[in-house]
Amino acid sequence: MTKFASLAGLDFNEEKTGSVRISRSRNASNAPTDIHPSLPKGDVRWGFLKLDSQSGRFLIDQASVDQHIEELRLQLAACKSTFDWIHAWNVYGARFFTTNFGKPANSFGLAHIDMLLETFARIQAKLFANTGGSVISTLKQILSDRFGVTDIPEGYLYFPMSMGGLDLKSPFIDLYLIRDTICARPDMYMDKFFSTEDVEYRVAKKAFDNGTHGRGVPADYSPLKMYGDDEFFSMEEFTRYREQTPSSLLRAYELLTREPAVQNVEATLEVKGAIGTEWRALSPYHQWVIQLYSANMIERFGGLNVVEKGLLPTGMVTMFRESRFKWQG
């Protein structure tokens, strides 16, 4: 790589290069971690993820997260309106962290989802330690202090703007929608491949030794006659081109890189009666929100819409929220 870069007149960004040695030793504490001197120094990173040499997993760099918690605290404190505060949280507290924690895939496994859930809980607990430890309790406190309104239903905060809600984003819901469908133990795909490969080698070796091929059909040659005293090739030679030939390895790769399916949210009869055919047009995220808070919202407002449809200028409100918002610094 360095030779190619030199010939092409390119330079590596040393701050964004690194290397890690990972061992599958059962005793990870005794596994060798020395890096060859020709490899770049530094961590292997993407966003907030850092490749850990002991576990072989991408883990969240909590120290970097803490730095951004303080930056988010500054941005929220500078907001002059409730709309600005919600917009700052949605963009920074939900979308920014979600994007830089990596997109969940089977290769990361269930442990990655649980790590994200724990980290988002820690972010809110640290950021809103003085106002209940959550974004919900904090926003309720802001509305109470500014407008004297108490007993605000959580559904009103999370409901989409098209239904009269404040459209506050929760980073937890999308994760819970895929938590039960992601692969719990991604190692099993490669374990299955290695087991299949071992079986294929033993079958091929047995056929060679017995002078057969296919499904045990006698071959028209004698290995001893054709190859003399040569033995069947070793497992190392048998697997030399595994990245080019076996379909089982391709299948393992495709399963590992697959993103988990999003669970369907079934609406209750009460929700179906209140929202009608609009349910199908909603995203799984908003379906979860509406189904979760429907009972309280219907009891409070007599339906799922906070205001009568057609009376809320959602386009104007959205433009107003985004046009006047400014980040600090």
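Further up the page is the structure itself.
Anyway, here's the lowdown on the structure attached to this text. Please read all numbers here as calculations on a predicted model, not as lab measurements.

Basis of the calculations
- Residues numbered from 1 in each chain as written.
- Predicted model: local features only at pLDDT ≥ 70, side-chain atom pairs only at ≥ 80, totals over all residues.
- Heavy atoms only, no water.
- Helix = DSSP H or I, 4+ residues; strand = E, 2+ residues; numbered from the N terminus.
- Buried < 20%, exposed > 50% of the residue type's maximum accessible area, 1.4 Å probe, protein only.
- Contact = heavy atoms within 4.5 Å.
- Areas by Shrake-Rupley, 256 points an atom, 1.4 Å probe, with all protein chains shown as cover.
- Pairing = 2+ DSSP bridges.
- Axes fitted to C-alpha atoms, helices over the stretch in contact; angles between N-to-C directions.
- Phe/Tyr/Trp six-rings, centres within 6.5 Å; stacked < 30°, edge-to-face > 60°.

Attention now moves to the overall build of the protein. Check the secondary structure of the protein and you find 14 helices and 5 strands. Counting the 329 residues in the protein, one finds 35% classified as buried. In the protein, the share of contacts with a sequence separation of at least 24, taken over all contacts with a separation of at least 6, comes to 65%. Counting only carbon and sulfur atoms, one obtains 53% of the accessible surface of the protein, whose full area is about 20900 Å².

Turning our eyes to something else, we now look at the environment of G133. Turning to its location among the elements, G133 is positioned in the loop between α4 (110-127) and α5 (135-147). Taking the relative accessible area as the measure of exposure, G133 reaches 24% and is therefore partly exposed. Counting along the chain gives 12 residues from G133 to A121, while the straight-line C-alpha distance between them is 8.8 Å. Every residue in contact with G133, bar those within four places of it in the chain, is listed here: Q124, A125 and F128.

Read from one edge of the open sheet, 3 strands run β1-β2-β3, paired in antiparallel fashion. Edge strands, defined here as strands with exactly one partner in the open sheet, are β1 (45-46) and β3 (58-60). Bridge count for strand β2 (residues 49-51) against β3 is 3 bridges, and the pairing is antiparallel. Bridge pairing in β3 places L49 opposite I60. Along the sheet, α4 makes contact with β2 and β3, crossing β3 at roughly 10 degrees.

A few words now on the packing of aromatic side chains. A complete count under the given rule lists 19 aromatic pairs for this structure. Ring centres of F193 and F194 lie 5.4 Å apart, and the angle between their planes is 55 degrees; on these two criteria the pair is classed as tilted. What makes F194 partly exposed here is its relative accessible area of 34%.

So, about the environment of D84. With respect to the helices, strands and loops of the structure, D84 is situated in helix α3 (residues 82-100). A relative accessible area of 7% places D84 in the buried class. In this structure the C-alpha to C-alpha distance between D84 and K326, which are 242 residues apart in sequence, comes to 8.5 Å.

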